[in-house]
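# Fold and geometry: a report
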Amino acid sequence: MLKIEILGTGCKKCQQLEANAKQAVATLDLAAEVLHITDPVEIAMRGVMSTPALVINGAVVTTGKVLNADQIQPLLMA
């Protein structure tokens, strides 16, 4: 099962990235857990300086961008 995390303080961009990630998971019919990490200390500990960030299975794949579902899908398949 994939573990997808959205790192961000809960702003509109962070919420949109979370929704897009969930849409990508649903479109691909994958088993995935989607979490939203809002703790600034936890975000900083991962080396993320620009939010929102998308983390897949522990690897930060994007920062500071709101990817749409079509852009997220290939990242989930990698």
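Here, every reference points to the structure presented above.
Presented here is a report on the structure given in the accompanying data block. (Residues numbered from 1 in each chain as written. Predicted model: local features only at pLDDT ≥ 70, side-chain atom pairs only at ≥ 80, totals over all residues. Heavy atoms only, no water.)

## Side note on the side chain of Asn20
Positionally, Asn20 belongs in helix H1 (residues 12-28). For Asn20, the side chain forms a polar contact with the main-chain oxygen of Leu67, separated by 2.8 Å. Once residues lying within four places of it in the same chain are set aside, the contact partners of Asn20 are Val66, Leu67, Asn68, Ala69 and Ile72. (Helix = DSSP H or I, 4+ residues; strand = E, 2+ residues; numbered from the N terminus. Polar contact = N/O pair within 3.5 Å; in protein donor to acceptor, adjacent residues only side chain to side chain. Contact = heavy atoms within 4.5 Å.)

## Quick look at the side chain of Thr62
Turning to its location among the elements, Thr62 is positioned in strand E4 (residues 59-63). Apart from the residues lying within four places of it in its own chain, the contact partners of Thr62 are Pro52, Ala53, Leu54, Leu67 and Leu75.

## Section: the nonpolar core
Counting residues in hydrophobic clusters, the biggest one holds 13 residues, and the most contacted among them are Ile4, Leu17, Leu54, Ile72 and Leu76. Of all the elements in the fold, those that place two or more residues in this core are strand E1 (2-7), H1, strand E3 (53-56) and helix H3 (69-77). Looking at this core, the element that brings in the most residues is H1, giving four residues. Setting aside chain neighbours within four positions, we find Leu76 in contact with Leu2, Ile4, Ala24, Val25, Leu28, Leu30 and Ile56. One finds Leu7, Ile43, Ala53 and Val55 within the second-largest nonpolar core, a separate group that totals six residues. (Core = buried A, V, L, I, M, F, W, Y, C linked by side-chain atoms within 4.5 Å. Buried < 20%, exposed > 50% of the residue type's maximum accessible area, 1.4 Å probe, protein only.)

## Details of the pattern of salt bridges
When charged atoms on two side chains of opposite charge get close, those side chains can pair. Applying the stated rule across the entire model yields four salt bridges. One salt bridge connects Lys3 with Glu5, and the closest N-O pair in it is separated by 4.0 Å. For Lys3, a relative accessible area of 36% puts it in the partly exposed group. Between Lys22 and Glu18 there is a salt bridge; the shortest N-O distance is 3.3 Å. One end of the pair is Lys22 and the other is Glu18, both in helix H1 and four residues apart, which spans about a single turn. A single salt-bridge network, built from bridges that share partners, covers Lys3, Glu5, Glu42 and Arg46. (Salt bridge = Lys/Arg side-chain N within 4 Å of Asp/Glu carboxyl O.)

In short, geometric facts, not functional conclusions.
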